[in-house]
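Each chain is listed here by its residues.
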Amino acid sequence: MACAFCNNTELKNMLYMKEFLSKVFVCMSIILHVSTVAAFEVDGMNFTINAQNRTASVSYLKTYSGDIIIPEKIEYNTQQLDVVGIGEGAFKNCTSISSVFIPKTITYIGRGAFTGCLGMESINIPGSVKTVGAYAFSNCQNLAEVNIEDGVQEISNDVFAACKSLKTLVFPNSIQTLGSSVFYKCSSLDSVVISDRITQIEPLTFWFCSNLRTVVIGSSVTSVSANAFEECYNIKEIVIKDGYSPIEMPFSFHYYRLYMGRNIVSTSLMYQQSAAVLTIGPSVTQIENSFSANLIYSYISSPRLCKVEFSNDTYASSILYVPTGTRDLYLETDKWKLFFNIQEMDFPSGICNTQMSKPGNNYYGIDGQEYDGFKKGLNIINDAKGRTRKVFIK
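Keep in mind that this is a model prediction, so the values were computed, not measured. (Residues numbered from 1 in each chain as written. Predicted model: local features only at pLDDT ≥ 70, side-chain atom pairs only at ≥ 80, totals over all residues. Heavy atoms only, no water.)

Asks: Explain empty space enclosed by the protein here, please?
Replies: Where empty space is left can be seen by rolling a probe of water-molecule size over the atoms. Considering all chains together, one arrives at one cavity of 30 Å³ or more under this definition. Computed from the structure, the largest cavity encloses a volume of approximately 50 Å³. M260, I264, Q273, Q286, I287, E288 and F291 together form the lining of the largest cavity. The leading source of residues in the lining of the largest cavity is strand β24 (residues 286–298), at four residues. A per-class count over the lining of the largest cavity returns four nonpolar, two polar and one charged. (1 Å grid on protein atoms, 1.4 Å probe; cavity = no way out; pocket = protein on both sides within 12 Å on 5 of 7 lines; lining within 4 Å. Points joined across faces, edges and corners; volume = space filled by probe spheres on them. Helix = DSSP H or I, 4+ residues; strand = E, 2+ residues; numbered from the N terminus. Nonpolar A, V, L, I, M, F, W, Y, C, P; charged D, E, K, R; others polar.)

Here you go:
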């Protein structure tokens, strides 16, 4: 008796497709094998060769140590190949590396490329690098100095996690993407400047940065995640640079010094937001949620264009400084006129200086200038526990 499935067209098609896919898989395997050659050593450094693109990338070798100079080119079978990448885990846990030179031919740094390089103290990332992969420099505990050149576009998740010696970092304006937990447990980090092209500060970006004191937020940032500054208890100064879009900050905060260059959007009245010294930029059109401040500098020349809602204590006891010639306008404008003490002054151009406060008590005059101790007149003191008070010295 003939098999019931022998003339089954569907079965024949399935068998044909299976055979076809098997041939495709074999062909792809051959192509991949030809395109990428196994690790090849040149002058004590391992490389992976991409035959299709005629390029090379640094790959893992256990014995890397000392001062590492990555070459721009290598010779392979009599041909010159550009070195364009640092592969995943290329220098992972090479604890005896003291320094690394990255040439301008490198376009990417792979995931975990330098993680655990305990001897590395500084690194320069050239502008040719477009992407720095996740965990690239994580747990480099002695890495104290990082220079990122203009041209770098993406800093992935956890890139500098647990870099306990890193103190400050300025992102160039070419940076468009900043991943989450980038500075996780960077316990020495005290200041950071965020690129003007970054639009969002991701969750846990500064998680456990216990010494972080000054943050400058770029002009394009429109959202700060609720836990972006989780466990950052020592932040004193925040600068929100002037821009055209409001910035969402859905969490409570109290900073000693805040420059508000744009509207701050808070999604709930439950969030208590305040600053001892508040500077309001000329682009601000709204201040909400009964904002609290002890000392206010307003760059706004047309107060009618800015709707405000401060706390009752702020209206009653704060000093509001306004541009010369505008005091009468403030006294005629709803809510602004509730301030008991409005004074005029000549403002300097540009945003306020963001000098980092010193540990212990910090003393400021009514002009926002920091002093070594008490001066005659009104003093504003911010103590080591973050408490703020006013003291008048005759």
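After that view, the rundown keeps rolling.
Asks: Explain the confidence of the model for the protein chain to me, please; I cannot follow it from the model alone.
Replies: Segments scoring low in pLDDT should not have their predicted coordinates read at a detailed level. On average, residues of the protein chain carry a pLDDT of 85, and 78% of them reach 70 or more. Overall, residues 1–8 carries pLDDT values under 50, and its contacts beyond four positions in sequence, including any with other chains, amount to three contacts. Contacts from residues 351–360, a stretch scored under 50 in pLDDT, to residues over four places away or in other chains number 28 contacts. (pLDDT = per-residue confidence, 0-100. Contact = heavy atoms within 4.5 Å.)

Asks: What am I meant to see in the pairing of strand β3 (residues 55–58) here?
Replies: Within a regular beta strand, the side chains point alternately toward one face of the sheet and then the other, so they alternate between its two faces. Both faces of β3 are covered, namely the face carrying T55 and S57 and the face carrying A56 and V58. Bridge count for strand β2 (residues 45–50) against β3 is four bridges, and the pairing is antiparallel. Paired with T48 across the bridge in β3 is S57. Hairpin geometry of β2 and β3 is characterised by an intervening segment of four residues between the two adjacent antiparallel strands and by a positive phi of about 55° at R54. By the bridge criterion, four bridges tie β3 to strand β6 (residues 79–86) in an arrangement that is parallel. Of the residues in β6, the one forming a bridge with S57 is G85. (Buried < 20%, exposed > 50% of the residue type's maximum accessible area, 1.4 Å probe, protein only. Pairing = 2+ DSSP bridges.)

Asks: Can you walk me through the pairing of strand β17 (residues 214–217) in this structure?
Replies: Judged by which residues are buried, β17 turns out to be covered on both faces: T214 and V216 on one side and V215 and I217 on the other are all buried. For strand β15 (residues 191–193) and β17, the ladder comprises three bridges, and the chain directions are parallel. Across the sheet, S191 pairs through a bridge with T214, a residue of β17.

Asks: Could you clarify how one ought to interpret the environment of Y244 in this entry?
Replies: By the secondary structure assignment, Y244 is in the loop between β19 (237–240) and β20 (247–248). Sequence separation of Y244 and G261 is 17 residues, and the distance between their C-alpha atoms is 9.2 Å.

Asks: Please clarify how the packing of aromatic side chains should be interpreted in this entry.
Replies: Any aromatic ring pair is given by two values, namely how distant the centres are and how the planes are angled relative to each other. Summed over the entire model, instances satisfying the criterion amount to 24 aromatic pairs. With a centroid separation of 6.0 Å and 15° between ring planes, the pair formed by F160 and F183 is classed as stacked. Linking F160 in the loop between β12 (154–155) and β13 (168–170) with F183 in the loop between β14 (177–178) and β15, this pair joins segments that are 23 residues apart in sequence. With relative accessibility at 0%, the residue F160 sits in the buried group. On the basis of relative accessibility, which here comes to 0%, the residue F183 falls in the buried class. Through pairs of rings, three or more aromatic residues link up here, namely Y64, F91, F114, F137, F160, F171, F183, F206 and F229. Lying over the aromatic face of F208, K185 brings its terminal NZ or CZ to 5.9 Å of the ring centre. (Phe/Tyr/Trp six-rings, centres within 6.5 Å; stacked < 30°, edge-to-face > 60°. Lys NZ or Arg CZ within 6 Å of the ring centre and 35° of its normal.)

Asks: When you look at unusual backbone geometry in this model, what are you seeing that I'm missing?
Replies: The general pattern is negative phi for most residues beyond glycine and trans for most peptide bonds. Even without a glycine there, the phi angle at N93 is positive, about 60°. With respect to the helices and strands, the residue N93 is situated in the loop between β6 and β7 (97–101). One non-glycine residue, E231, lies in the positive phi region at around 65°. Position of E231 relative to the elements: it lies in the loop between β18 (223–224) and β19. Judged by its relative accessible area of 26%, E231 is partly exposed.

Asks: How should I be thinking about the nonpolar core in this particular structure?
Replies: In globular proteins that are soluble, nonpolar side chains generally tend to be buried together. If you look at the biggest cluster of nonpolar residues, it comprises 95 residues, and the most contacted ones within it are F91, F137, F160 and F183. The residues contacting F137, other than those within four sequence positions of it, are I109, F114, M120, I123, I125, V132, L143, V159, F160 and C163. Membership of the second largest hydrophobic core comes to seven residues, among which are Y256, A276, V277 and L295. (Core = buried A, V, L, I, M, F, W, Y, C linked by side-chain atoms within 4.5 Å.)

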